[in-house]
Amino acid sequence: MARLTEDAKGVYVIAVTPFTDDGALDLASIDSMVDFYEGAGVTGLTVLGQLGEAPKLTAEESRIVVERVLKRLDGRLPVVVGVSAPGLAPMSELAEAVMGGGAAGVMVAPPWTVKTDDQAFAFYQSVGEALGDTPFVLQDYPLTTNVTIAPKVIERIVNEVPNCVMLKHEDWPGLSKISALRAASDKGAMRRISILCGNGGLFLPEEMGRGADGAMTGFCYPEMMVGVVEAYAAGNPDRAHAIFDAYLPLARYEQQQGIGLASRKYVLAKRGVIKSATLRKPGAKLSTLDIADVERLLARQAIRIKEIGA
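Throughout, residues of each chain are indexed from 1 in the direction in which the sequence is written. In view of the model being predicted, local features appear only for residues whose pLDDT reaches at least 70, and side-chain atom pairs are presented and counted only at 80 or more, with totals across whole chains, interfaces and linings using the full set of residues. The side-chain numbers reported here are obtained from all heavy atoms of the structure, hydrogens and water having been left aside.

Enquirer: Hey, could you go over the side chain of Thr217 for me, with residue numbers and the actual values?
Expert: Helix and strand labels come from DSSP, where a helix needs a run of H or I of at least four residues and a strand needs a run of E of at least two; each type is numbered from the N terminus. Mapped onto the elements of the fold, Thr217 is located in the loop between β8 (214-215) and α9 (222-233). Here Gly200 takes part through its backbone nitrogen, which lies 2.9 Å from a polar atom of the side chain of Thr217. Any two residues whose heavy atoms approach within 4.5 Å are treated as being in contact. Setting aside anything within four residues of it in sequence, one finds Thr217 in contact with Tyr12, Val13, Ile14, Cys197, Gly198, Asn199, Gly200, Gly201 and Met225. Pairing of N or O atoms within 3.5 Å defines a polar contact, subject to two protein rules: one partner must be a possible hydrogen donor and the other a possible acceptor, and residues neighboring in sequence count only if both atoms are side-chain atoms.

Enquirer: Pulling in residues and values, what's your account of the packing of aromatic side chains?
Expert: In this scheme Phe, Tyr and Trp rings, the latter by its six-membered ring, pair at centre separations within 6.5 Å, and the angle between planes marks the pair as stacked below 30 degrees, edge-to-face above 60, and tilted otherwise. Per the counting criterion, the structure on display carries 7 aromatic pairs. Between Phe36 and Tyr37, the aromatic rings sit 5.6 Å apart at their centres with planes inclined by 50°, giving tilted as the arrangement. With relative accessibility at 0%, the residue Tyr37 sits in the buried group. Lysine NZ or arginine CZ positioned within 6 Å of the ring centre and within 35 degrees of the ring normal marks a charge as sitting over the ring. The lysine or arginine in question, Arg156, covers the ring of Phe121, its NZ or CZ lying 3.7 Å from the ring centre. Above the face of the Tyr221 ring, Arg271 is positioned so that its terminal group lies 3.9 Å from the ring centre. Accessibility here uses a 1.4 Å probe with only protein chains present; expressed as a share of the type maximum, an area under 20% marks a residue as buried, one over 50% as exposed, and anything in between as partly exposed.

Enquirer: An account of the sheet that holds strand β2 (residues 44-47) is needed here, citing residue identities and associated values.
Expert: Note on pairing: DSSP must find at least two bridges between two strands before they are called paired. A barrel is described by the order of its strands in space; here 8 strands give the closed sequence β1-β2-β3-β4-β5-β6-β7-β8, paired in parallel fashion. When strand β7 (residues 194-197) meets β8, the two strands line up parallel, connected through 2 bridges. Counted as the bridge partner of Cys197 is Ala215 from β8. Strand contacts of helix α4 (residues 117-131): β4 (105-108) and β5 (136-140), with the helix running at about 155° to β5, the strand carrying the most contacts. Only the stretch in contact is used when fitting a helix axis, every axis being a line fitted to C-alpha atoms; angles between N-to-C directions are given from 0 to 180 degrees.

Enquirer: An account of the environment of His169 is needed here, citing residue identities and associated values.
Expert: Here His169 lies in strand β6 (residues 164-169). The sequence separation of His169 and Leu196 amounts to 27 residues, and the corresponding C-alpha distance is 6.1 Å. Among residues more than four places away in sequence, those in contact with His169 are Asp140, Gly174, Lys177, Ile178, Ile195, Leu196, Cys197, Gly198 and Glu207. Within the local environment of His169, its side chain forms a polar contact with the backbone oxygen of Gly174, the two atoms lying 3.0 Å apart.

Enquirer: Quick one: what's the story with helix α7 (residues 175-186), residue by residue and with numbers?
Expert: Working rule for helices: expected span equals 1.5 Å times residues minus one. Its 12 residues give α7 an end-to-end C-alpha distance of 17 Å, which sits within 8% of 16 Å, the value for a rise of 1.5 Å per residue. Where α7 is buried, its residues meet β5, α6 (151-160), β6, β7 and α8 (204-209).

Enquirer: Go over the pattern of salt bridges with me, naming the residues and quoting the values.
Expert: The rule for a salt bridge is simple: a side-chain nitrogen of Lys or Arg has to be within 4 Å of a carboxyl oxygen of Asp or Glu. Across all of its chains, the model carries 23 salt bridges by this definition. Between Glu61 and Arg280 there is a salt bridge; the shortest N-O distance is 2.8 Å. One end of the pair, Glu61, is in helix α2 (residues 59-73); the other, Arg280, is in the loop between α11 (260-270) and α12 (288-308), with 219 residues separating them in the sequence. Grouping residues by exposure puts Glu61 and Arg280 together as buried. Among the ionic contacts, a cluster of salt bridges with common partners joins Asp31, Asp35, Arg68 and Arg72.

Here you go:
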């Protein structure tokens, strides 16, 4: 499999981690999930992300998940693996293992201890050195890391850390950051890297309009993200917005703290993608009223999708 580069674009879906009802890894559902994502037209997969419940996995389970995904894809799509860790040693160990197995690159978020611009640069400089020639994604997600990385700091990282090839942009929404980074690369002040966006796709049309190359996030209907990105690539932003609007109520529901991932897994299980909607403990469960909400949104979404012919 080719390695991740600055030219990456499209939709790298953040994969869930399937569990059985008793919380064990469900390897068969990993296979069906990979098949589903590939059939939905995604460009690549990102595994062991925050909403892949990576912090709940043991080191051995993390390797098992990645190996299973890579085996199922057999090189047909690139896979990015989240390797964020409190220290460089476990991060490097996991990165070496997954790259040896055929991953295209890894993703690294900053630890909460990063507080200043100089600390942010120093952290990613050390990441670049520790990873050697492994290409990595800088995950900029201040809502969960409590680390804000200014555009000027990202410019410096990109210019001085050559194996940083992608920004996973998850500021909220931080549209001005995308504009600033694209302006910097347009005038030659920084190397142009790929920018894929997160936040459950809630700002995807606007992000594409600011110069993003696609999405790296999760949603129970990855077809939405694929449709928006493809419509923008075809020069049809109105179509992109129409597709986005049809799915927005459900995407918004998924962004709730606590039950958001539970609702995503509920729908994926309902669609037959995974066998169980279980989150590994500690994890939220949908109430009867929550399920009623989701079912209502699904029914209304189906009507709207039919109306626009998506």
